[in-house]
Amino acid sequence: MTDAERPSDERLDQRLERAILELLERRDPAATICPSDAARAVYEGDDDGWRALMEPARRAARRLVDAGLVEITQKGRPVAPATARGPIRIRRIR
């Protein structure tokens, strides 16, 4: 993918936020998703290039937490985005 074909950071951010919300909308209200689900949904290739979108997906989740739309969990419990280390899950606010 060339720089001209690469989506702008702002556009990518919006796509990741939208992917998170759409993925959650299709699931049970208590269900969670992994940031990798959003990264895979947005990535347009067939290889594992979605991995480069993991940190942008985590940032998108943090923005959605700030907007009051989702919460980040670890081991099934809500955690503050600033303190989350390691694997996280994302779910709708209950």
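Owing to the predicted nature of the structure, the values given are computational and were not obtained by experimental measurement.

**What to know about the pattern of salt bridges**
All chains considered together, the criterion is met by 8 salt bridges. Here Glu17 ties to Arg63 by a salt bridge, and the two come within 2.4 Å at their closest N and O atoms. Highlighted residues: Glu17 in helix H1 (residues 9-25) and Arg63 in helix H3 (residues 54-66), separated in sequence by 46 residues. It is possible to trace a salt-bridge network through shared partners that takes in Asp13, Glu17 and Arg63.

**Here's the deal with the confidence of the model for the protein**
Averaged over all residues, the pLDDT of the protein equals 91, while 93% of them reach at least 70. The secondary-structure element of the protein with the lowest mean pLDDT is strand S3 (residues 77-79), recorded at 94, while strand S1 (residues 32-33) shows the highest, at 98. Segment residues 1-5: pLDDT under 50, and 2 contacts once partners within four positions in sequence are set aside and those in other chains are kept.

**Focus on the side chain of Arg91**
By the secondary structure assignment, Arg91 is in strand S4 (residues 89-92). A relative accessible area of 6% places Arg91 in the buried class. Within the structure, the side chain of Arg91 is placed 2.5 Å from the side chain of Glu71, a separation counted as a polar contact. Every residue in contact with Arg91, bar those within four places of it in the chain, is listed here: Leu24, Ala30, Ala31, Thr32, Val70, Glu71, Thr73, Gly76 and Pro78.

**Some points on the nonpolar core**
Core analysis: the biggest nonpolar cluster contains 21 residues, and Leu16, Ile20, Leu24, Ile33, Ala38, Val42 and Ile90 have the highest contact counts within it. Sorting the residues of this core by element identifies H1, helix H2 (35-42), H3 and strand S2 (70-74) as the ones contributing at least two each. It is H1 that contributes the most residues to this core, 6 residues altogether.

**Points about the pairing of S2**
Here S2 lies mainly inside the structure; 5 of its 5 residues are buried. Residues Val70, Ile72 and Gln74 line one face of S2 and the alternating positions Glu71 and Thr73 line the opposite face, and both faces are buried. Pairing geometry for S2 and S4, over 4 bridges, is antiparallel. What sits directly across from Val70, in S4, is Arg92.

**Comments concerning H1**
Taking 1.5 Å per residue as the helical rise, H1 with its 17 residues ought to reach 24 Å, and the 24 Å between its terminal C-alpha atoms agrees with that figure. For H1, the complete set of buried residues consists of Leu12, Arg15, Leu16, Ala19, Ile20, Leu23 and Leu24. Looking down the long axis of H1, one finds its buried residues gathered within 160 degrees of arc, a one-sided arrangement. Turned more than 90 degrees away from the buried face of H1, the exposed residues are Glu10 and Glu25. Here the buried face of H1 lies against S1, H2, H3, S2 and S4.

What counts as what
Residues numbered from 1 in each chain as written. Predicted model: local features only at pLDDT ≥ 70, side-chain atom pairs only at ≥ 80, totals over all residues. Heavy atoms only, no water. Salt bridge = Lys/Arg side-chain N within 4 Å of Asp/Glu carboxyl O. Helix = DSSP H or I, 4+ residues; strand = E, 2+ residues; numbered from the N terminus. pLDDT = per-residue confidence, 0-100. Contact = heavy atoms within 4.5 Å. Buried < 20%, exposed > 50% of the residue type's maximum accessible area, 1.4 Å probe, protein only. Polar contact = N/O pair within 3.5 Å; in protein donor to acceptor, adjacent residues only side chain to side chain. Core = buried A, V, L, I, M, F, W, Y, C linked by side-chain atoms within 4.5 Å. Pairing = 2+ DSSP bridges. Expected span 1.5 Å × (residues − 1). Arc of directions from axis to C-beta.

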